[in-house]
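# Report on the structure
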Amino acid sequence: MSADAESDGPADTVRHISGTGVPVRGNDIDTDQIIPARFMKVVTFDGLGQFSFFDQRFGDDDEEKAHSFNEDRFRDSSVLVVNANFGCGSSREHAPQALMRWGIDALVGESFAEIFAGNCLALGIPTVTADSETIEALQAWVDENPDGDIDVDVEAETVTYGETTVEVEVDDAQRKALVEGVWDTTALMKSNKNAVRETAESLPYVETDD
Amino acid sequence: MSEGTLYDKVWDRHAVAELPTGQTQLFVGLHLIHEVTSPQAFGMLRERDMEVAYPELTHATVDHIVPTADQSRPYGDDAAEEMMAELEENVREAGIEFSDPTTGNQGIVHVIGPEQGITQPGKTIVCGDSHTSTHGAFGSLAFGIGTSQIRDVLATGCVAMEKQKVRKIEVTGELSEGVEAKDIILEVIRRLGTDGGVGYVYEYAGEAIESLDIEGRMSICNMSIEGGARAGYVNPDETTYEWLAETDEFADDPEKFERLKPYWESIRSEDDAEYDDVVVVDGDELEPTVTWGTTPGQGVGVTQPIPAPEELPEEKQDTARMSQKHMGVDPGDTMEGYDIDVAFLGSCTNARLPDLRRAAKIVEGREVHPDVRAMVVPGSQRVQEQAEKEGLADVFREAGFDWRNAGCSMCLGMNEDQLEGDEACASSSNRNFIGRQGSKDGRTVLMNPQMVAAAAIEGKVTDVRNLSEVTTV
Ligand code: SF4
């Protein structure tokens, strides 16, 4: 799929995503872990991918630590499988941007922090959820089958790997946005210009220039 | 579904349209921007050949990367200089008001909005910063957004959102000596969890909230996001109106104040409003709270034992074990006596005047412990100026604190103010995540500003109630 949020015109539809998986284990993995703040001193998102999980992956003298993102067998993975409350913390879009630029097209997890999930959606990246047992089973499978394809079907709300298909949950708005290709909200909202002006004029505190 | 709450009312007033996604297109009354999350959004706008729709409803400041010592330009750090220059260019092009350091109005975005009076009850306020929830203290509906949403707001004056549920958090009783707003919110997050608020907006109510000053309410709303809630608010009341009357917006324009006040009163939650959930916290029971771990939900009363991971809900146990290892603490011990190397008094949670006044009372006539590096970073240039006028700066300096210029500073370590190695920091900020303060081995202990002052003096986590001069809020 292409997740080019900057493209003009109607956004692409994202019905399902296939690719190999990569597990990142642990609850409450916050955005400071996904992309440490010192890498945010940039004015574009280009090149952020290599800094994904940087402090988890490298020690003080840049020596590699054990982390799935350091493992060659996961280097081409596009489906990130995580546990609970992934992406909590700051609203930085740098976090999903870094993951996207590393190659992640979809996330499957037990739960996601809300702003993080919203930021993913704005990039056309689904964040689908399932209970902890389902997730742990999937993580174990990915570990055993780094070359095995996972199919995340956003429309049908299922994830298929090997011979197994499991039900997952996709937030209604997210599902609709991805499946119908309406996750590019700028164009949608711009078309309601008159209604925007009416709302603005009805608010006692708004003094606009137009 | 909630009904008749401030959230419902403000939402309805700002709803422009239903989008095909099922989300609501919500009009944004105030868009605050800063240097870290806005440049990419301006870039996206340029690529699409779009203009800023409502520059007059947009306000900029610089806070995250701004150096807090030498602020002469160009900044010593090239990356910081580049971000600042980019912001200057963007606001100039779009005609957006910019509280830059030369104006005397610069500061942390969540401090300057309120002090300039542009944060008002019944406004929808967004910013590419999760602590935008702070502005809810005024009865605004304020939430953090991502960069693509910033692009949306710049281009359309609107944001696409799903309506949330409303949880009323009623804090009863009276806070005792040494206990502050910060302790209320740390207790709320401890109890409900860092993800307990996902899908909710928090309405803070009850005697203990009503008797707080506006700054205390800001500390509470600020950390709503640490509890997973995208926004938090307090209904506007006389405390709110008194503050507003003295701000730039209204001090010289009492007519405008009178014109808007009926609107502010109209959006208060009804007495018979319906909530999706109600939680009651007994304010009488609270004591100064500190964190023992690496999430803001891992808090404990300063005299209480650190919990064993096994006592916690199952899904919290692994994180707790990892946190305790990182912090080097043992279950059963108290945090009292935990050695600290750095004391940081700053951030949008607790770097406003009343915070500094209370901390200064503790510090006055005492000295910072010889092994501690202590700094005060005021939330804004105005706070800084006033604190200098009142003599607070001298009190801190004489005690051995470093008195710095306004900015985010060591709250997130994007400028030169950072922890080194495994230094432990008593911090008045809002996040104790690993790596948050600039060193991945750094250890952060969150606490209220009086407690930070006490820790700075004693060189270890200290129950401030055992020192004299403790302020009851
Ligand atoms: S002070 Fe800290 S929490 Fe507040 S805006 Fe700055 S970095 Fe964010």
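Residues numbered from 1 in each chain as written. Chains lettered and ligands numbered in written order. Predicted model: local features only at pLDDT ≥ 70, side-chain atom pairs only at ≥ 80, totals over all residues. Heavy atoms only, no water.

An unreviewed UniProt entry lists chain B under the name 3-isopropylmalate dehydratase, with Haloprofundus marisrubri given as the organism. Of the comments in the UniProt record for chain B, the one headed Catalytic activity (unreviewed entry) reads "(2R,3S)-3-isopropylmalate = (2S)-2-isopropylmalate". Here chain B is described in UniProt, under the heading Cofactor (unreviewed entry), as follows: "[4Fe-4S] cluster". (UniProt positions renumbered as here; feature names shortened; annotations may be inferred.)

In the nomenclature of an unreviewed UniProt entry, chain A corresponds to 3-isopropylmalate dehydratase from the organism Haloprofundus marisrubri. Under the heading Subunit (unreviewed entry), UniProt records this for chain A: "Heterodimer of LeuC and LeuD." The annotation that UniProt attaches to chain A under Catalytic activity (unreviewed entry) is "(2R,3S)-3-isopropylmalate = (2S)-2-isopropylmalate".

Looking only at helices and strands, chain A has eight helices and seven strands in total. Its C-alpha radius of gyration of 19 Å places chain A within 12% of the 17 Å reference for a compact globule of 210 residues. By its C-alpha atoms, chain A is 60 × 45 × 30 Å across when sized along the principal axes. Counting every position in chain A, which comprises 210 residues, the buried fraction comes to 59%. Put simply, of all contacts in chain A between residues at least 6 apart along the chain, 67% involve residues at least 24 apart. (Helix = DSSP H or I, 4+ residues; strand = E, 2+ residues; numbered from the N terminus. Rg over C-alpha atoms; globule rule 2.2 N^0.38 Å. Buried < 20%, exposed > 50% of the residue type's maximum accessible area, 1.4 Å probe, protein only. Contact = heavy atoms within 4.5 Å.)

As a further point, take empty space enclosed by the protein. Residues and elements named next belong to chain B. The tally for this structure, following the rule as stated, stands at six cavities of 30 Å³ or more. As a volume, the largest cavity reaches approximately 230 Å³. Residue lining of the largest cavity: 23 residues in total, with His64, Asp129, His131, Leu412 and Arg436 positioned closest to the centre. Considering only residue class, the lining of the largest cavity consists of eight nonpolar, eleven polar and four charged. (1 Å grid on protein atoms, 1.4 Å probe; cavity = no way out; pocket = protein on both sides within 12 Å on 5 of 7 lines; lining within 4 Å. Points joined across faces, edges and corners; volume = space filled by probe spheres on them. Nonpolar A, V, L, I, M, F, W, Y, C, P; charged D, E, K, R; others polar.)

A few words on the interface of chain A and chain B. Between chain A and chain B, the residue contacts involve 58 residues of the former and 73 residues of the latter. Both faces combined, the contact of chain A with chain B buries some 5600 Å², and carbon together with sulfur accounts for 55% of it. It is Lys41, Val43 and Tyr205 of chain A in chain A that bury the most area against chain B; as a group they hold 14% of the surface buried on that side. At the boundary of chain A and chain B, one finds seven salt bridges. (Buried area = accessible area lost by both parts, 1.4 Å probe. Salt bridge = Lys/Arg side-chain N within 4 Å of Asp/Glu carboxyl O.)

So, about helix H4 (residues 114-122) of chain A. In terms of residue burial, H4 of chain A counts as a mostly covered element, since eight of its nine residues are buried. Buried within H4 of chain A we find Glu114, Ile115, Phe116, Ala117, Asn119, Cys120, Leu121 and Ala122 of chain A.

Before going further, it helps to examine the layout of surface pockets. Considered as a void within the structure, the largest pocket measures approximately 950 Å³ in volume. Glu114, Ala117, Gly118 and Asp171 of chain A together with Glu162 of chain B are, among the 38 residues lining the largest pocket, the residues nearest its centre. The set of elements that each furnish at least two residues to the lining of the largest pocket consists of H4, strand S4 (127-129) and helix H6 (172-179) of chain A together with helix H5 (147-156) and strand S8 (158-161) of chain B. The element that contributes the greatest number of residues to the lining of the largest pocket is H4 of chain A, accounting for seven residues. A breakdown of the residues in the lining of the largest pocket according to their chemical character gives 13 nonpolar, 14 polar and eleven charged. Each pocket or cavity is described by its volume, and for the second largest pocket that value is around 760 Å³. Arg25, Gln33 and Gln56 of chain A together with Met322 and Ile434 of chain B are, among the 33 residues lining the second largest pocket, the residues nearest its centre. Within the residue set of the lining of the second largest pocket, elements represented by two or more residues are helix H1 (31-34) and helix H2 (54-57) of chain A together with helix H12 (314-327) of chain B. The dominant element in the lining of the second largest pocket, judged by the number of residues it contributes, is H12 of chain B, at five residues.

The next point concerns the domain arrangement of chain B. Residues and elements named next belong to chain B. By domain assignment, chain B separates into domain 1 (6-163) and domain 2 (298-466). Across the contact, 25 residues belong to domain 1 and 22 residues belong to domain 2. Contact between domain 1 and domain 2 buries roughly 2000 Å² in total, counting both sides, with carbon and sulfur atoms accounting for 52%. Viewed at the interface, domain 2 and domain 1 are joined by zero salt bridges. Summed over the shared surface of domain 1 and domain 2, the result is 18 residue pairs in polar contact (both at pLDDT 80 or more). Each residue belonging to the side of domain 1 that touches domain 2 can be placed in one class, and the counts come to nine nonpolar, 13 polar and three charged. (Domains from an automatic or database assignment. Polar contact = N/O pair within 3.5 Å; in protein donor to acceptor, adjacent residues only side chain to side chain.)

All names here are of chain B. Pairing within the open sheet is antiparallel, and its three strands lie in the order S1-S2-S8. With one partner strand each, in any of the chains shown, strand S1 (15-18) and S8 form the two edges of the open sheet. Along the sheet, successive strands turn relative to each other by an average axial angle of 25 degrees, direction set aside. Of the pairings in the sheet, the one linking S1 to strand S2 (residues 24-27) comprises three bridges and is antiparallel in character. Bridged to Glu18 within S2 is Thr24. (Pairing = 2+ DSSP bridges. Axes fitted to C-alpha atoms, helices over the stretch in contact; angles between N-to-C directions.)

Next up on the list: the pairing of strand S4 (residues 58-61) of chain B. Residue and element names in this part refer to chain B. On S4, burial covers both faces: Thr58 and Ala60 on one face and His59 and Thr61 on the other are all buried. Where strand S3 (residues 30-33) and S4 come together, three bridges link them in parallel fashion. Considered in S4, the bridge of His31 is made with Thr58. Pairing analysis gives three bridges linking S4 to strand S5 (residues 97-99), with the strands arranged parallel. Within S5, the residue paired with Ala60 across the bridge is Phe98. After leaving S4, the chain enters helix H3 (residues 78-94) and then returns to the sheet as S5, a path that is right-handed. (Right-handed = clockwise from strand over helix to strand, strands pointing away.)

Attention now goes to the sheet that holds strand S16 (residues 373-376) of chain B. Residue and element names in this part refer to chain B. Taken in spatial order, the five strands make up an open sheet running S17-S16-S15-S18-S19, and their pairing is parallel. This sheet does not close on itself; its edge strands, each paired only once, are strand S17 (402-403) and strand S19 (443-446). Across two bridges, S16 lies against S17 in parallel orientation. Paired with Val376 across the strands is Trp403, a residue of S17.

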